[in-house]
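In case you want the letters, here they are:
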Amino acid sequence: MWRFLLLLVCTLTLTLGSVGTSTDPSDASALNIWYSTIGSPPQLTGWSASGGDPCGLPWRGITCSGSSVTEIQLPNAGLSGQLGYNLNSFKSLVNLDLSNNNFNGDINYNLPLSCEQINLSGNKFTGRVPYSISQMPSLKYLNLAHNQLQVPLDDMFGSLPNLAKLDLSYNNLSGNLPSTFSSLASLNTLYLQDNQFTGSINVLADLALKDLNVAHNHFTGWIPAKLKNIHIISDGNSWNTGPAPPPPPYTPPPPGRSNHNSDGNDNPNGGGKKSGVSGGGIAGIIITLLFIGGVLAFFLLRKRRRSRRSSDEEKLNQDQPVSILGSNEVKEMKSVQSSTSAMHVPLQPAPCDIVKPLAPEHHNPSNDDEPFKKKPTVKRANIPPINASMYSVADLQMATCSFSIDNLVGEGSIGRVYKAQFPDGKVLAVKKIDSSSLPNQDPEDFVEVVSNISQFHHPNITELVGYCSEHGQCLLVYEFLKNGSLHDYLHLADDFSKPLTWNTRVKIALGTARALEYLHEVCSPSVVHKNFKSANILLDAELNPHLSDCGLANLVPSTDRQASHQNSGSGYNAPEVAMSGQYTLKSDVYSFGVVMLELMTGRMPFDSSRPRQEQSLVRWATPQLHDIDALTKMVDPALKELYPVKSLSRFADVIALCVQLEPEFRPPMSEVVQSLVTLVQRANMSKRTIGSDSFTSRPVDA
């Protein structure tokens, strides 16, 4: 009897101890939330939206080790929806298999960092390969095949020493292979077939690959010799079929190699001691001399042409009395708060006299002046055609009243912006590039910049309408946006404009995020903005955002730009920029986070008028972003508490990710866009959020 009672007590103790205590609470909660996120599908037997014990009771596809969830294996489970945003809550998950389901949308950046195996193949994922992959040092297997992933791969594979198998096949990935592929020391299987990859595969040459499939892409060049000894499938590309090119003729031979072997032929009679130079060596010397002579002739001819052009321009300046700048410009300029592209102050152009155009008879163009003619001849074969109209200086002079100060609407680091009223009634904005921004550059350099800018086509990027490259002047013509910049709307409010509502602020954040995503992830090569700030976000009649200054950052040397930002204390620059002066995609992400802080708080990024601890917006706000009570106190008072608290909290979560100190932890813009899209979709438009989105534009007439 005593033995029976003792056995019964032990059994009850073990049973009761297992109920409700077998699973780590954070893992159980994460599964509850994820189950709700994907729509509580009935086929997930044992699952629940709240409570439960995944490790103590049978939940389909869940495997535990102790109290921690270590595996989620749900292949072919008929699941759909988006992947969810809380998977990084699993701290011990090593195997995630959701293959052959119907998940769609982007693969979220917050995947479990502890994973060793991830299989998301056979779904409908779009977007890009998530950057969080770079933070998974234990990852051994990654399969994202048979999805709809696109855009180029990020250079994010440098910290994956254990990755042995990578399958990205049957997607729409494009661009060149990232250089950090060369760091995948353990990679033995790589499947890249049926994508849109371009360039060479030389970055794979030194990997320990055993199985490689690169078929049906757009690869070019030669297949490295080292890869021909493994199992490789390479059909459906544009490989060069001839022998690989020899080293350039001016490449010095490796030290210690004697001349008699330089042609690669052995002397059949043992003539290794034969002195002199072989026929191949003589040919190499002749080719080298011809090459050097050609280079010298090129530079001498270019110097002579520049000298002749300077002489012609000096003669033109002596003969032509009309100034390009116009007589109305003055040295003492009033303070203008806007950016280089701030095409906003909607002033009515002051009446002006007819400006006499530059007399064509005063200029005798020679062949050297081809870039300045009405239809410039672009000599560089790799410059794409310009998708913009050509304007003359005379036309722009007349439209701006000879660049009158009354039509000045903005001034920045590379020039001034003027409002231009044309005879047909069209109103545009003319950016007049300072000559100091193009020091000692050939006119074709400016034509190349214009060509690149004219390729940008996105609803949230200011559209280039035309340009002018004439008589040494460089001007850009853009669409005119009468509601000014976001900076003005937030910080220079007047009686004619209502405060931006919460919904409008979220819309502005999403639109500018899409613009940066386009520059970073759609353009090839990627474009770093380098000067992202609220003054460069212009608002149209419906308060839709348009990002300006895209493609112009290279007109200002990085060192000058860094000094300018530091002197002004802008508060937009990422910490690494202040240290090195180097801008990257991730520094743009940081600046975007700062603009989101502006939208949320109504404060400027740096405000010396505030108490010392509050002058830097990022330093003051960052510690409070996850404290909901503190967060509600940070919100712009102009909103008058008309915002949903949940939306505010999610908005702050995105900010916190973007302004992280370490660049590698900031998400790519595609994931920021997805977060904001989800925020908008989940927004509860309750009575508390109803604030009129209507507005009154600043008056057009002064």
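Now for a quick tour of the structure. It should be emphasised that the depicted structure is a prediction, and the values quoted were computed from it without experimental measurement. (Residues numbered from 1 in each chain as written. Predicted model: local features only at pLDDT ≥ 70, side-chain atom pairs only at ≥ 80, totals over all residues. Heavy atoms only, no water.)

## Some words on the overall build of the chain
Along the backbone of the chain there are 14 helices and 25 strands. Counting every position in the chain, which comprises 702 residues, the buried fraction comes to 47%. Here the chain displays about 34200 Å² of accessible surface, and carbon together with sulfur accounts for 54% of that area. (Helix = DSSP H or I, 4+ residues; strand = E, 2+ residues; numbered from the N terminus. Buried < 20%, exposed > 50% of the residue type's maximum accessible area, 1.4 Å probe, protein only. Areas by Shrake-Rupley, 256 points an atom, 1.4 Å probe, with all protein chains shown as cover.)

## Observations concerning the sheet that holds strand E22 (residues 464-470)
Spatial ordering of the open sheet is given by E18-E22-E23-E21-E20-E19, a layout of six strands whose pairing is mixed. Each end of this open sheet is capped by a strand with a single partner; those strands are strand E18 (389-390) and strand E19 (408-411). Where strand E20 (residues 415-421) and strand E21 (residues 427-433) come together, seven bridges link them in antiparallel fashion. Bridged to Arg-416 within E21 is Lys-432. (Pairing = 2+ DSSP bridges.)

## Re the nonpolar core
Core analysis: the biggest nonpolar cluster contains 74 residues, and Leu-476, Leu-519, Phe-592, Met-600, Phe-651 and Leu-676 have the highest contact counts within it. The element contributing the most residues to this core is helix H7 (residues 502-522), with ten residues. Formed by 60 residues, the second largest nonpolar core is a distinct cluster that contains Ile-38, Leu-96, Tyr-131 and Leu-168. (Core = buried A, V, L, I, M, F, W, Y, C linked by side-chain atoms within 4.5 Å.)

## Focus on the packing of H7 against helix H13 (residues 645-658)
In contact at an axis separation of 12 Å, H7 and H13 are set at 25° when each is read in the N-to-C sense. The angle between the axes of H7 and H13 places the two elements in the roughly parallel class. Relative to H13, the crossing made by H7 is left-handed. Seen from H7, the contacting residues are Trp-502, Val-506 and Ala-509; seen from H13, they are Ser-647, Leu-648 and Phe-651. Along the lines of polarity and charge, the residues of the contact of H7 with H13 split into five nonpolar, one polar and no charged. (Axes fitted to C-alpha atoms, helices over the stretch in contact; angles between N-to-C directions. Parallel < 35°, antiparallel > 145°, perpendicular 65-115°, else oblique. Left-handed = near helix turned anticlockwise from the far one by under 90°. Contact = heavy atoms within 4.5 Å. Nonpolar A, V, L, I, M, F, W, Y, C, P; charged D, E, K, R; others polar.)

## As for the packing of aromatic side chains
On inspection of all chains with the given rule, the structure shows 13 aromatic pairs. With a centroid separation of 5.6 Å and an interplanar angle of 45°, the aromatic rings of Tyr-391 and Phe-422 are classed as tilted. Residue Tyr-391 is found in the loop between E18 and helix H4 (393-399), and its partner Phe-422 is found in the loop between E20 and E21; the two are separated by 31 residues along the sequence. Between the aromatic rings of Phe-532 and Phe-592, the centroid separation amounts to 5.9 Å while the plane-to-plane angle is 55°, which identifies the pairing as tilted. One end of the pair, Phe-532, is in the loop between H7 and strand E24 (537-539); the other, Phe-592, is in helix H10 (residues 585-601), and 60 residues separate them in sequence. Residues Phe-532 and Phe-592 agree in their burial class; the two are buried. Counting every residue linked through ring pairs, the aromatic cluster contains Trp-34, Tyr-35, Trp-47, Trp-59, Phe-103 and Phe-125. Positioned above the aromatic ring of Phe-403 is the side chain of Lys-432, whose terminal nitrogen or guanidinium carbon lies 5.8 Å from the ring centre. (Phe/Tyr/Trp six-rings, centres within 6.5 Å; stacked < 30°, edge-to-face > 60°. Lys NZ or Arg CZ within 6 Å of the ring centre and 35° of its normal.)

## With respect to the pattern of salt bridges
Counted according to the given criterion, the structure contains seven salt bridges. For Lys-431, the salt bridge is made with Asp-549, and the minimal N-O distance between the two is 3.5 Å. Here Lys-431 is found in strand E21, whereas its partner Asp-549 is found in the loop between strand E25 (545-547) and helix H8 (558-568), with 118 residues between them in sequence. Take Asp-549: its relative accessible area is 6%, and that puts it in the buried class. Asp-607 is the partner of Arg-610 in a salt bridge, and the nearest nitrogen-oxygen pair spans 3.5 Å. Note on Asp-607: relative accessible area 13%, which makes it buried. (Salt bridge = Lys/Arg side-chain N within 4 Å of Asp/Glu carboxyl O.)

## Overview of the sheet that holds strand E3 (residues 80-81)
Strands pair in a sheet through their backbones, by hydrogen bonds, and they do so in one of two ways: parallel or antiparallel. An order of E3-E5-E7 is seen for the three strands of this open sheet, with the pairing classed as parallel. Lying at the two open borders of the sheet, with one neighbouring strand each, are E3 and strand E7 (124-126).

## So, the packing of H10 against helix H14 (residues 669-682)
Contact geometry for H10 and H14: axes closest at 11 Å, N-to-C directions at 25°. Taken together, the axes of H10 and H14 lie roughly parallel to each other. Helix-helix and strand crossings are classified by hand; for H10 and H14 the assignment is right-handed. Contacts from Val-589, Phe-592 and Met-596 in H10 reach Met-669, Val-672 and Leu-676 in H14. A per-class count over the contact of H10 with H14 returns six nonpolar, no polar and no charged.

## Notes on H13
With 14 residues, H13 extends 20 Å between its outermost C-alpha atoms, agreeing within 8% with the 20 Å of an ideal straight helix rising 1.5 Å per residue. All buried positions along H13 are accounted for by Ser-647, Leu-648, Phe-651, Ala-652, Val-654, Ile-655, Ala-656 and Cys-658. (Expected span 1.5 Å × (residues − 1).)

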